[in-house]
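What follows is each chain in one-letter form.
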Amino acid sequence: ESSDRPLAYVQIISDLKPIEGADMIEVATVLGWQVVVKKGQYEFFIDDKLDRNNFRIKTIKLRGQISQGYCIRLTTLETHPHRRLTLHSDGTGEEKHHYLTDEDTKEQISLAIGSDLTSLIGIKKYEIPDVGVRLAGNAGPRGNFPSFLRKTDQERIQNNPHYTTSLADVDFEVSEKLEGSSVTAFYKDGKYGVCSRNLELRTDDDTATPVRVLNGLGVGELLSKYAKNVALQGELIGPGIQKNIYNLTSHRWVVFDVYLIDHERYTTAAERIEILNEINYPDRVPVLEKSWKFGGKTVGEVVKMAEGISALKKGQQREGIVFKSNSLGRRGDPVSFKAISNVYLLKQQ
Ligand code: ATP
Ligand code: MN
Ligand code: MN
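All of these numbers come straight from a predicted model, not from anything done at the bench.

Draft legend 1. Here's a closer look at the site of ligand 1. Inspection of the region around ligand 1 gives 18 residues, with Thr 152, Asp 153, Arg 197, Glu 235 and Lys 338 positioned closest. Between Arg 197 and ligand 1, the recorded distance is 2.7 Å, taken from a side-chain N or O atom to an oxygen atom. Notes on ligand 1: free accessible area 620 Å², of which the protein chains cover 92%. For the shell around ligand 1, the secondary structure elements donating two or more residues are strand S10 (172-177) and strand S18 (320-328).

Here it is, written out as structure tokens:
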């Protein structure tokens, strides 16, 4: 299952700083990210080519400097291994607009800030294959993820650094981010359903791990008794899933969100707890803070907060934390974002 968020995009390097004791490298700031780059690469031209070999971009530390990403100059896009692309610019200064022309098809590819270059570069999300669990069972999925629900996803704080100021007055709940697989159970107009992150599953197919686990927990009965159009979203954790970092011997489905189908919105933390109490579903995500504000914290300080021990397992570093506003935002849902622990990322790989 793949996520559809952009993995490569056009962005401005807002800062370039030296790294103490390093002659060959320096650190670039892109949005809220720190990326180690070759020294001088962004001041004068260095002949760089789009790599034809596969490599994985992960969180690393170089000379004590964390690096989370990979930068290439726009001119490097002209070295595309399968396409004849040429770079053009229109306008001047602030108004300057860059684009690529495909010399064979004459297609124009915009390089405006934020443009998604994931498919152009051919970059894919690295996923550890889950072993011993079947997200869809023998009978295959029932179909696509229902359009009346929303897929679970959280944006990293580094991609929205302005939150530290624009959401300065907003009150947040902070919960632990669990490392497993997203599973949604819903009840709509008398019908019960189960979904993996991207698909709807067959509720009668016990060979699909999420279906088997939720059947064992009696989730269908609980939702039918509640009899309102609602979806519970939780993390399936346990043997065979994402390295089972909590060392569980059997599966758990830990609910982190409740979605109100008829209102087309997520609940606030208070509403979520009330509904889960009413449904009588006990396994819920650990809440670290009920009421938290940025209070002048920088992106770096928020990311630092993600570091810590999991509430689920003694001595295990947690994956991270998720922030959800306690009031509804402008779009009608609580505002949410995540911070992933760099200690966890550096240990994991
Ligand atoms: P990435 O996409 O960064 O590789 P990922 O697959 O874990 O990682 P993310 O987009 O990072 O997905 O994070 C969102 C996911 O986190 C959700 O799909 C959900 O399954 C999971 N999650 C775990 N704990 C929580 C929580 N407390 N609140 C919300 N989502 C959570
Ligand atoms: Mn994601
Ligand atoms: Mn995950």
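Let's pick the thread back up.
Draft legend 2. Main features of helix H3 (residues 209-217). Three or more residues of H3 are buried, namely Thr 209, Pro 210, Val 211, Val 213 and Leu 214. Where H3 is buried, its residues meet strand S11 (181-188), strand S12 (191-195), helix H4 (219-226), strand S14 (230-237) and strand S15 (252-260). Positive backbone phi, approximately 70°, marks Gly 218, located one or two places after H3.

Draft legend 3. Highlighting the pattern of salt bridges. Tallying each qualifying case throughout the model produces 17 salt bridges. Two residues, Asp 104 and Arg 84, come together in a salt bridge whose shortest N-O distance is 2.8 Å. Of this pair, Asp 104 sits in the loop between strand S7 (97-102) and strand S8 (108-110) while Arg 84 sits in the loop between strand S5 (65-67) and strand S6 (85-90), and the two are 20 residues apart along the sequence. Both residues of the pair, Asp 104 and Arg 84, belong to the exposed class. With a shortest N-O distance of 3.0 Å, Arg 150 and Asp 333 are connected by a salt bridge. Of this pair, Arg 150 sits in the loop between strand S9 (143-144) and helix H2 (163-166) while Asp 333 is found in the loop between S18 and strand S19 (334-340), placing the two residues 183 residues apart along the sequence.

Draft legend 4. Main features of a nonpolar patch on the surface. A surface patch of nonpolar side chains, about 320 Å² in accessible area, is lined by Phe 55, Ile 57 and Tyr 70. Examined against the element boundaries, Phe 55 turns out to sit in the loop between strand S3 (33-38) and strand S4 (60-62).

Draft legend 5. Quick look at helix H5 (residues 269-279). Every buried residue of H5 is accounted for by Ala 269, Arg 272, Ile 275, Leu 276 and Ile 279. Projected onto a plane normal to the axis of H5, the buried residues spread over an arc of 130° and lie on a single side. Away from the buried face of H5 by more than 90 degrees, exposed residues Ala 270, Glu 274 and Glu 278 are located. Those residues of H5 that are buried lie in contact with S10, H4, S14, S15, strand S17 (287-292) and S18.

Draft legend 6. Examining the packing of aromatic side chains more closely. Taken as a whole, this structure holds 13 aromatic pairs when the rule is applied. Ring centres 5.3 Å apart and planes at 65° place the aromatic pair Trp 253 and Tyr 281 in the edge-to-face group. Placement of the pair is Trp 253 in strand S15 and Tyr 281 in the loop between H5 and S17, with a sequence separation of 28 residues. Both residues of the pair, Trp 253 and Tyr 281, belong to the buried class. Geometrically, the ring pair formed by Phe 323 and Phe 337 is stacked, given 4.6 Å between the ring centres and 10° between the ring planes. Of the two residues, Phe 323 sits in strand S18 while Phe 337 sits in strand S19, which places them 14 residues apart along the sequence. What makes Phe 337 buried here is its relative accessible area of 0%.

Draft legend 7. Unusual backbone geometry, seen in detail. Located in the positive-phi region is Ala 227, a residue other than glycine, with phi close to 60°. Residue position: Ala 227 is located in the loop between H4 and S14. Looking at Ala 227, the relative accessible area reads 42%, which means it is partly exposed.

Draft legend 8. Structural view of the environment of Arg 73. With respect to the helices, strands and loops of the structure, Arg 73 is situated in the loop between S5 and S6. Considered as a pair, Arg 73 and Gln 41 are 32 residues apart in the sequence and their alpha carbons are 8.2 Å apart. Within the structure, the side chain of Arg 73 is placed 2.6 Å from the backbone oxygen of Gln 41, a separation counted as a polar contact.

Draft legend 9. How the structure looks around the packing of H4 against H5. Running from N to C, H4 and H5 point in directions that differ by 105°, and their axes come no closer than 9 Å. Judged by the angle between their axes, H4 and H5 are roughly perpendicular. Residues Leu 222, Leu 223 and Tyr 226 of H4 touch H5, and the partners they reach there are Ile 275, Glu 278 and Ile 279. Residues that form the contact of H4 with H5 fall into these classes: five nonpolar, no polar and one charged.

Draft legend 10. Region of interest: the pairing of S7. Direction of pairing for S6 relative to S7: antiparallel, over a ladder of six bridges. Paired with Thr 86 across the strands is Thr 101, a residue of S7. Between S6 and S7, which pair antiparallel in sequence order, lie six residues; one of them, Gly 91, sits at a positive phi of approximately 70°. Note that S7 and S8 share three bridges and pair antiparallel. For Leu 100, the partnering residue across the bridge sits in S8 and is Ile 109. The hairpin formed by S7 and S8 contains five residues between the paired strands, and Lys 106 there has a positive phi angle of roughly 65°.

Draft legend 11. Molecular detail of the nonpolar core. Of all hydrophobic cores here, the largest spans 27 residues; its most connected members are Leu 214, Val 219, Leu 223, Leu 232, Trp 253, Ile 279 and Tyr 281. Counting residues per element, the ones that place at least two in this core are S11, S12, H3, H4, S14, S15 and H5. When neighbours within four sequence positions are excluded, Leu 223 is seen to be in contact with Ala 185, Phe 186, Tyr 187, Tyr 192, Val 230, Leu 232 and Ile 279. Within the second largest apolar cluster, 16 residues are counted, among which are Val 174, Phe 294, Val 299 and Val 302.

Conventions we followed
- Residues numbered from 1 in each chain as written.
- Chains lettered and ligands numbered in written order.
- Predicted model: local features only at pLDDT ≥ 70, side-chain atom pairs only at ≥ 80, totals over all residues.
- Heavy atoms only, no water.
- Near = heavy atom within 4 Å.
- Polar contact = N/O pair within 3.5 Å; in protein donor to acceptor, adjacent residues only side chain to side chain.
- Areas by Shrake-Rupley, 256 points an atom, 1.4 Å probe, with all protein chains shown as cover.
- Helix = DSSP H or I, 4+ residues; strand = E, 2+ residues; numbered from the N terminus.
- Buried < 20%, exposed > 50% of the residue type's maximum accessible area, 1.4 Å probe, protein only.
- Contact = heavy atoms within 4.5 Å.
- Salt bridge = Lys/Arg side-chain N within 4 Å of Asp/Glu carboxyl O.
- Patch = residues over 30% accessible without salt bridge, like charges linked within 9 Å, V, L, I, M, F, W, Y side chains within 5 Å.
- Arc of directions from axis to C-beta.
- Phe/Tyr/Trp six-rings, centres within 6.5 Å; stacked < 30°, edge-to-face > 60°.
- Axes fitted to C-alpha atoms, helices over the stretch in contact; angles between N-to-C directions.
- Parallel < 35°, antiparallel > 145°, perpendicular 65-115°, else oblique.
- Nonpolar A, V, L, I, M, F, W, Y, C, P; charged D, E, K, R; others polar.
- Pairing = 2+ DSSP bridges.
- Core = buried A, V, L, I, M, F, W, Y, C linked by side-chain atoms within 4.5 Å.

By themselves, these are just geometric observations and shouldn't be taken as functional.
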